[in-house]
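Analysis of the macromolecular model
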Amino acid sequence: MKKVTKAVFPVAGLGTRFLPATKAIPKEMLPIIDRPLIEYAVEEVVNAGINEIIFITSHTKRAIEDHFDQNFELEEKLLNAGKKEYLEKINRDIFSNVKFTYVRQKTQNGLGDAILHSEHLIQEEAFAIILADDLIINNPSCISQLIEIHEENECSVIGVNEVPENEMEKYGVISIDEPSSTNNSYVLKDIVEKPKSNAPSNLAVVGRYVLSSKIFKYLKNLEPSVGGEVQLTDAIKLMLNDEKVIGYLYEGTKFDCGSRHGYVNAIKHLAKEILDD
Ligand code: UTP
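Residues numbered from 1 in each chain as written. Predicted model: local features only at pLDDT ≥ 70, side-chain atom pairs only at ≥ 80, totals over all residues. Heavy atoms only, no water.

**Quick notes on the overall build of the protein chain**
Looking only at helices and strands, one finds 10 helices and 13 strands in the protein chain. Taken against the 2.2 N^0.38 rule, which gives 19 Å for 277 residues, the C-alpha radius of gyration of the protein chain at 19 Å falls within 12% of a compact globule. By its C-alpha atoms, the protein chain is 60 × 45 × 40 Å across when sized along the principal axes. Per-residue burial over the protein chain gives 51% buried out of 277 residues. The long-range fraction of contacts in the protein chain, counting pairs at least 24 apart against all pairs at least 6 apart in sequence, stands at 78%. When the accessible surface of the protein chain is totalled, it reaches about 14,500 Å², and 49% of it is carbon and sulfur. Taking the 31 positively charged and 43 negatively charged side chains of the protein chain as two groups, their mean positions are separated by 4 Å. (Helix = DSSP H or I, 4+ residues; strand = E, 2+ residues; numbered from the N terminus. Rg over C-alpha atoms; globule rule 2.2 N^0.38 Å. Buried < 20%, exposed > 50% of the residue type's maximum accessible area, 1.4 Å probe, protein only. Contact = heavy atoms within 4.5 Å. Areas by Shrake-Rupley, 256 points an atom, 1.4 Å probe, with all protein chains shown as cover. Lys, Arg positive; Asp, Glu negative; His and termini not counted. Charge placed at Lys NZ, Arg CZ, Asp CG, Glu CD.)

Right, dumping it as structure tokens:
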């Protein structure tokens, strides 16, 4: 089986929950201490063996492209000022062999539509999808754990976590055959986007996926659904008719940095490490 070497980062969303901060700055560029949110997620996939990153972006997200590019003027100024130690911070060695590609999503038609914009770059191979606002801290990382389950089972794997009932309506929720889980792996029977009531389990989808390229076939025929958007969840639901998909209860601490609560908690968590140092 071919190794997972490509990751798609949909970053074209409007970041409404974080206005006004996200009026002129991409949500993904908000700092978690001294590094933008997006850098944590890119580091996570690169450390998991991924060397090709495809951003699905928009005209308001140019700063992301600049962040992963070289800034010769700044480098020269730092060198001339004898501040060599900052060069590794702005040009990280671990990213030096990574290929970054940017595809514009012209209208924000939803996550499913954003993913469809990467079809021509993926070919017939499984690939990772990362929603960078979910900052997940663990070693091994969440995406490494999902890739391992994908390699063992040769099927699509999506990250899930346990969520209290009153919060289920914010997430995609999976339905499973209760007792058949092994090693935190749950074979999906169904998946529902943001259930208003009667959620089929307490397992909610997080922003980490390893999907078969067959997902594009299902995405192509979708109509907008919840929120008037083309939902990735709907394509996964259709894929279940033909293929096995595993929900994996990963190990790690998740912060939803797209919300104020999660963002503040992420900073609090990482600040503690700095203050205790
Ligand atoms: P969210 O639902 O979190 O939306 O999208 P958002 O725009 O980022 O934030 P809010 O809810 O308005 O505050 C989930 C992921 O899908 C991407 C987002 O960038 C985010 O990574 N997305 C969403 C797109 O790339 N395109 C879209 O049309 C919609």
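**Quick notes on the site of the ligand**
Close contacts around the ligand come from 17 residues, with Leu14, Thr16, Arg17, Lys27 and Gln105 the closest. Contact between the ligand and Gly15: an oxygen atom at 2.9 Å from a main-chain N or O atom of the residue. At 2.7 Å, a backbone N or O of Arg17 approaches an oxygen atom of the ligand. Across the complex, the protein chains shield 84% of the 570 Å² of accessible surface that the ligand would expose by itself. When the residues that make up the shell around the ligand are grouped by side-chain class, the tally is 6 nonpolar, 7 polar and 4 charged. (Near = heavy atom within 4 Å. Polar contact = N/O pair within 3.5 Å; in protein donor to acceptor, adjacent residues only side chain to side chain. Nonpolar A, V, L, I, M, F, W, Y, C, P; charged D, E, K, R; others polar.)

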